[in-house]
Amino acid sequence: ANLPEANPHWQAPGGDLPSAISACTRCPLHKPATQAVAGEGPKSAELMFVGEQPGDHEDLVGRPFVGPAGQLFDLLMAEAGLKREEAFVTNAVKHFKFLPRGRKRLHQKPSQDEIATCNPWLHAEIAQVQPRLIVAMGASAAQALLGSGKAITDRRGRVEWRADGLPVLITLHPSFLLRLSDAAAVKQARADMLADLRRAADWIA
Ligand code: URA
């Protein structure tokens with residue numbers, strides 16, 4: 001039921017997956033959001049990266065990982081010898097969830113229900129791309145891909161296998177690195193994430 005051809009929601013003007021995702025009204029998050037943000041990258045990509053949900057910038061621009069977390073992601077990818085344009089980059093949830101605070105929009109973590117409701121879109125992207133390895137960045141991605149988002153700092157660096165046989169490498173979310181204030185912790189988290197991205201590079205080498 002998770003395959004795109006069996007997905008009754010994939011019936012949109014244009015007929016392609018991003019248009020179908022744009023037209024999605026399966027949960028209330030579509031209402032306040034500017035637009036849905038579908039995954040982007042070659043359909044033949046060997047690596048798929050999954051984040052949590054679009055942030056403020058992504059919601060306005062309509063592309064995944066283009067804000068501060070995206071800039072750090074780009075840096076780490078380059079350092080690990082990976083080309084972002086060769087990877088498929090997407091999110092567990094396709095609409096920005098936020099709390100309006102004056103002129104600001106404060107990021108809110110998506111609930112397990114919201115992740116589950118959005119999961120057919122992620123599965124449609126996986127079915128279309130058929131990556132050799134999926135990299136789950138953070139708890140929401142691990143929840144969406146493996147059914148549990150618990151204990152990410154313990155699980156990171158490991159490959160866990162999905163029931164459909166696809167390997168998922170768990171790593172940290174770049175926003176987690178941006179939120180750390182202790183210099184030693186930042187250094188360690190950056191080194192950990194870099195090691196994970198290098199492992200992903202080795203996987204497809
Ligand atoms: N954080 C995410 O998880 N995804 C984005 O696209 C941007 C920030």
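It should be emphasised that the depicted structure is a prediction, and the values quoted were computed from it without experimental measurement.

### Some remarks on the environment of His173
The residue His173 is located in the loop between β7 (167-171) and α7 (174-179) in this model. C-alpha of His173 to C-alpha of Lys83: the two residues are 90 residues apart in sequence and 18 Å apart in space. Beyond its immediate stretch of four places on either side in the chain, His173 contacts Gly51, Glu52, Met137 and Gly138.

### Topic: the site of the ligand
Neighbouring residues of the ligand: 13 residues in total, closest Gly51, Glu52, Gly55, Pro64 and Ala69. A breakdown of the residues in the shell around the ligand according to their chemical character gives 4 nonpolar, 7 polar and 2 charged.

### Comments concerning the environment of Leu178
By secondary structure assignment, the location of Leu178 is in helix α7. What makes Leu178 partly exposed here is the crowd of 14 C-beta atoms within 10 Å. Sequence separation of Leu178 and Ala189 is 11 residues, and the distance between their C-alpha atoms is 10.0 Å. Once residues within four sequence positions are removed from consideration, Leu178 is found in contact with Pro68, Ala69 and Leu72.

### Side note on the packing of helix α4 (residues 112-129) against helix α5 (residues 139-146)
One way to put it is that α4 packs onto α5 with a least axis distance of 9 Å and a crossing angle of 60°. Considered as vectors, α4 and α5 are oriented oblique to each other. Considering the relative orientation of α4 and α5, their crossing is right-handed. Contacts between α4 and α5 involve Gln112, Ile115, Asn119 and Leu122 on the former and, on the latter, Ser140, Gln143 and Ala144. Classifying every residue of the contact of α4 with α5 by side-chain character gives 3 nonpolar, 4 polar and no charged.

### Notes on the UniProt feature "domain: Uracil-DNA glycosylase-like" (unreviewed entry) in the chain
UniProt records the feature "domain: Uracil-DNA glycosylase-like" (unreviewed entry) for residues 38-198 in the present numbering. For residues 38-198, the end-to-end C-alpha separation is 26 Å, with 43% helix and 19% strand making up the annotated structure.

### Overview of the sheet that holds β7
If you walk across this open sheet you meet the 5 strands as β2-β1-β5-β7-β6, and the pairing is mixed. The two strands at the open ends of the sheet, each matched to only one other strand, are β2 (88-91) and β6 (159-161). On average, each strand axis in the sheet is inclined to that of its neighbour by 25°, with strand direction left out of account. Two elements, strand β1 (residues 47-51) and strand β5 (residues 133-137), share 4 bridges in a ladder whose sense is parallel.

### Some thoughts on α5
Counting buried positions along α5 yields 7 of 8 residues, so the element is predominantly enclosed. Close packing links the buried residues of α5 with β1, α4, β5, α6 (152-155) and β7. Following α5 by one or two positions, Gly147 adopts a phi angle in the positive range, close to 85°.

### Side note on the packing of helix α3 (residues 68-79) against helix α8 (residues 183-204)
Axis separation between α3 and α8 bottoms out at 9 Å; the angle between their running directions is 55°. When the axis of α3 is compared with that of α8, the two are oblique. The element α3 and its partner α8 pack so that their crossing is right-handed. Side by side, α3 and α8 meet where Leu76, Met77 and Glu79 of the first sit next to Met193, Leu194 and Leu197 of the second. Tallied by class, the residues present in the contact of α3 with α8 amount to 5 nonpolar, no polar and 1 charged.

### Considerations on the confidence of the model for the chain
Mean pLDDT over the chain stands at 94; residues scoring 70 or higher make up 93%. Under the prediction, the complex receives an ipTM of 0.94, its pTM being 0.94.

### A few points about the nonpolar core
Looking at soluble globular proteins, one finds that nonpolar side chains tend to be buried together. In this structure, Met48, Val50, Val135 and Ala136 are the most contacted members of the largest nonpolar core, which totals 50 residues. In terms of residues, this core owes the most to one element, α4, which gives 7 residues. Setting aside anything within four residues of it in sequence, one finds Ala136 in contact with Val50, Ala141, Ala142, Leu145, Val168 and Ile170.

Calculation criteria
Residues numbered from 1 in each chain as written. Predicted model: local features only at pLDDT ≥ 70, side-chain atom pairs only at ≥ 80, totals over all residues. Helix = DSSP H or I, 4+ residues; strand = E, 2+ residues; numbered from the N terminus. Contact = placed C-beta atoms within 7 Å. Near = placed C-beta within 6 Å. Nonpolar A, V, L, I, M, F, W, Y, C, P; charged D, E, K, R; others polar. Buried ≥ 20, exposed ≤ 12 C-beta atoms within 10 Å, placed from the backbone. Axes fitted to C-alpha atoms, helices over the stretch in contact; angles between N-to-C directions. Parallel < 35°, antiparallel > 145°, perpendicular 65-115°, else oblique. Left-handed = near helix turned anticlockwise from the far one by under 90°. UniProt positions renumbered as here; feature names shortened; annotations may be inferred. Pairing = 2+ DSSP bridges. pLDDT = per-residue confidence, 0-100. Core = buried A, V, L, I, M, F, W, Y, C linked by C-beta atoms within 7 Å.

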